[in-house]
Amino acid sequence: MMRVVYFASVRETIATDSEEVEFPQTIVTVADAVEWLCGKSPAHASAFARRDRLRFALDQIMVKADAPLDGAREFAIFPPVTGG
């Protein structure tokens, strides 16, 4: 079981800040996980529609979409942050 945490507009679109997910064994990378999550609901699909703009962290370490999940306990997904 992995805790998936959502931030900012992703959280608002899905209407939850986190959920516990049991990914199938075929899900091995961050990109695989996001693709699988898109199938959970129309809200998930909408939140992840621009996957190229999303940022990811595994156990609070920033990773790229091709990073392996490798037993991580927490997977965070958030849109890019703008500063000013």
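Our structure is the block above this text.
The structure reproduced in this document is the subject of the present report.

Rules behind the numbers
Residues numbered from 1 in each chain as written. Predicted model: local features only at pLDDT ≥ 70, side-chain atom pairs only at ≥ 80, totals over all residues. Heavy atoms only, no water. 1 Å grid on protein atoms, 1.4 Å probe; cavity = no way out; pocket = protein on both sides within 12 Å on 5 of 7 lines; lining within 4 Å. Points joined across faces, edges and corners; volume = space filled by probe spheres on them. Nonpolar A, V, L, I, M, F, W, Y, C, P; charged D, E, K, R; others polar. Salt bridge = Lys/Arg side-chain N within 4 Å of Asp/Glu carboxyl O. Helix = DSSP H or I, 4+ residues; strand = E, 2+ residues; numbered from the N terminus. Buried < 20%, exposed > 50% of the residue type's maximum accessible area, 1.4 Å probe, protein only.

## Brief notes about the layout of surface pockets
Size it by volume and the largest pocket reaches roughly 150 Å³. Taken together, Met1, Met2, Val21, Glu22, Phe23, Pro24, Gln25, Ile27, Leu69 and Gly71 form the lining of the largest pocket. Of the residues assigned to the lining of the largest pocket, the class counts are seven nonpolar, two polar and one charged.

## Some thoughts on the pattern of salt bridges
Counted according to the given criterion, the structure contains four salt bridges. For the salt bridge of Arg51 with Glu35, the shortest nitrogen-to-oxygen distance reads 2.4 Å. One end of the pair, Arg51, is in the loop between helix H3 (42-47) and strand E3 (55-58); the other, Glu35, is in helix H2 (residues 30-38), with 16 residues separating them in the sequence. In this structure Glu35 comes out as partly exposed when scored by relative accessible area, which is 45%. Asp52 is paired through a salt bridge with Arg50; the nearest N and O atoms lie 3.4 Å apart.

## Quick look at unusual backbone geometry
Of note in this structure, Ala8 is not a glycine but carries a positive phi near 50 degrees. If you check the backbone angles, Asp59 has positive phi at about 50 degrees while not being a glycine. By secondary structure assignment, the location of Asp59 is in the loop between E3 and strand E4 (61-63). You can call Asp59 partly exposed: its relative accessible area is 37%.

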